[in-house]
Amino acid sequence: MRKLTALFVASTLALGSASMAFAADTSAPAADNAPMKMMHHNGPGKGGPFAGLNLTEQQRQQMRDIMKQAHQKRGQGMKEERQALHNMVASDNFDEAKAKAQIDTISKAQSERMLERAKAENKMYNLLTPEQKKQYNENYQQREQKMMEHMKSMKEKMATAE
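Residues numbered from 1 in each chain as written. Predicted model: local features only at pLDDT ≥ 70, side-chain atom pairs only at ≥ 80, totals over all residues. Heavy atoms only, no water.

1. Quick look at helix α5 (residues 130-161)
Residue pairs spaced three or four apart in an α-helix point in one direction, given the helix's 3.6 residues per turn.
Okay, step 1: Compared with an ideal rise of 1.5 Å per residue, which puts 32 residues at 46 Å, α5 spans 46 Å between its outermost C-alpha atoms and is within 8% of the ideal.
Okay, step 2: Looking at α5, one finds that the buried residues are Gln132, Tyr136 and Asn139.
Okay, step 3: At its buried positions, α5 is contacted by β2 (54-56), α2 (57-73) and α4 (96-125). (Helix = DSSP H or I, 4+ residues; strand = E, 2+ residues; numbered from the N terminus. Expected span 1.5 Å × (residues − 1). Buried < 20%, exposed > 50% of the residue type's maximum accessible area, 1.4 Å probe, protein only. Contact = heavy atoms within 4.5 Å.)

Next comes the structure, spelled out in structure tokens:
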């Protein structure tokens, strides 16, 4: 169960960090190679590792294209897979072997999606200039540190609640 939880948390973080890079920019359009500050729901400079990078319009468009391709590859079956597991949990007779097989199916699908996401993020990362890559890596480290602090805080809250 811990592996499944870790997988879920990791996939959520991966999805959140890359999706922040594609928030709509409501400012006036810039020239093709003019740097643009990424805008996010939480404001500039917050969010995932792509936040706060001065991307050119060309870089932004290339990243949108990469994400569009990645989204097209994703299947729609996850809702059905989770519903099937729920049906097993909510049944009068629990079949552990069937539930384990269903969990394995869900885990494999999540792993495949994470792999596709990682490939897409790598393509986007390789569009960055050396300065942007440095900022990206700094953003990642800051986000990782915040996540560790959050996890520690949640553990402490759970321990005191018991």
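Moving on, there is more to tell.
2. A closer look at the packing of aromatic side chains
Okay, step 1: Within the structure shown, the criterion is met by two aromatic pairs.
Okay, step 2: Centroid distance Phe50 to Tyr136: 4.9 Å. Interplanar angle 65°. Geometry classified as edge-to-face. Here Phe50 is found in the loop between β1 (35-37) and β2, whereas its partner Tyr136 is found in helix α5, with 86 residues between them in sequence.
Okay, step 3: Judged by relative accessible area, Phe50 falls into the buried class, the value being 0%.
Okay, step 4: Under the relative-accessibility criterion, Tyr136 is labelled buried at 10%. (Phe/Tyr/Trp six-rings, centres within 6.5 Å; stacked < 30°, edge-to-face > 60°.)

3. Here's the deal with the pattern of salt bridges
Okay, step 1: Summed over all chains, the structure comprises six salt bridges.
Okay, step 2: The partner of Glu57 in a salt bridge is Arg64, and the shortest N-O contact between them spans 3.4 Å.
Okay, step 3: Its salt-bridge partner being Lys119, residue Glu116 comes within 3.5 Å of it at the nearest N-O pair. Highlighted residues: Glu116 and Lys119, both in helix α4, separated by three residues, approximately one helical turn. (Salt bridge = Lys/Arg side-chain N within 4 Å of Asp/Glu carboxyl O.)

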